[in-house]
Amino acid sequence: MSRQSDPIYPEYAELRAEADRRASWCVDPADINFRIPDLVAARGYDWAYAVLGRPYGGPQSLYGSDIELLKLAGERDLDPSLPQHVVEARAAAEAHSIAGQEAAAARRRLLDEEWQAIVAALAARQNPVLVKVAHNYTSGRHCESGYVQGGDHIVFETRLLASAGRLRREPGQSACYQPSRARNVEVLVEVDDDRLPTCKSCIRTVARVVGLGAATMLGEPPAGARGYAANRRVRGW
Ligand SMILES: [Zn+2]
């Protein structure tokens, strides 16, 4: 019974027998140093994979018989197919990545829709409220290279008065602003890309103000799976 990695092309058995005959105990350094690297560079890693029936890991990884096998396949200009399980695994990985890309694009569309609906509803209020997205640079840890912390907040450009005056935000304040936690959102800098807010507290607050849901932005289960709690959330303030 053949192993999964055994090559299945018709010439393999005869080729391997010939390679075994040719192989000597002492490998020619020229094979390792340039003949095999040149051959694989010219024909490709997949070609070497198909000939050997297993991934090609460089000339140093080859036995003498493998070296002869590759040289014979090159001399005879063989171009075997990759093992079927490799072809299938690659196709599956590609399909998976396409599905992943489509799912990510669909999610991005939902996020955009939710956010644009909230922005439009804020602007359509009797006293229009304008918002922007700003990154929180308050933490000193932002100074460390590559470290992103703090999230992207919804910051008011115009004053917000909602819920009969109970909710009030001044221009420059984030929706999640609380006097007791003001120092956590001290340095908010507007971002000029098309990023969406990520601060859940901000999103929840403005969604309530306009009476809209923001399930995707809040990372909640999709509509229909949420039930009573969600209905209460979207009642509006
Ligand atoms: Zn926030």
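What comes next concerns the included structure. Since the model is a prediction, treat every value here as computed from it, not as a measurement. (Residues numbered from 1 in each chain as written. Predicted model: local features only at pLDDT ≥ 70, side-chain atom pairs only at ≥ 80, totals over all residues.)

## Quick look at the pairing of strand S1 (residues 131-136)
The side chains of a regular strand alternate, residue by residue, between the two faces of the sheet.
Then, in step 1: For S1, the tally of buried residues reaches five of six residues, placing the bulk of the element in the interior.
Then, in step 2: When S1 meets strand S5 (residues 188-190), the two strands line up antiparallel, connected through three bridges. Counted as the bridge partner of His135 is Val189 from S5. (Buried ≥ 20, exposed ≤ 12 C-beta atoms within 10 Å, placed from the backbone. Helix = DSSP H or I, 4+ residues; strand = E, 2+ residues; numbered from the N terminus. Pairing = 2+ DSSP bridges.)

## Comments concerning the packing of helix H2 (residues 29-43) against helix H4 (residues 64-75)
A packed helix pair is summarised by two numbers, namely the angle formed by the two axes and the spacing between the axes.
Then, in step 1: Contact geometry for H2 and H4: axes closest at 11 Å, N-to-C directions at 45°. Classed by the angle they form, the pair H2 and H4 counts as oblique. In terms of crossing hand, the pair formed by H2 and H4 is left-handed. In this structure, H2 contributes Asp31, Arg35, Ile36, Leu39 and Arg43 to the contact, and H4 contributes Ile67, Leu70, Lys71 and Gly74. (Axes fitted to C-alpha atoms, helices over the stretch in contact; angles between N-to-C directions. Parallel < 35°, antiparallel > 145°, perpendicular 65-115°, else oblique. Left-handed = near helix turned anticlockwise from the far one by under 90°. Contact = placed C-beta atoms within 7 Å.)

## Regarding the packing of helix H1 (residues 12-22) against H4
Then, in step 1: Put simply, H1 and H4 touch, their axes get as near as 8 Å, and they point 125° apart. For the element pair H1 / H4, the angle class is oblique. The handedness of the crossing between H1 and H4 is right-handed. Residues Leu15, Arg16, Glu18, Ala19, Asp20 and Arg22 of H1 pack against Ser65, Glu68, Leu69, Leu72 and Ala73 of H4.
Then, in step 2: Taken together, the residues that form the contact of H1 with H4 break down as five nonpolar, one polar and five charged. (Nonpolar A, V, L, I, M, F, W, Y, C, P; charged D, E, K, R; others polar.)

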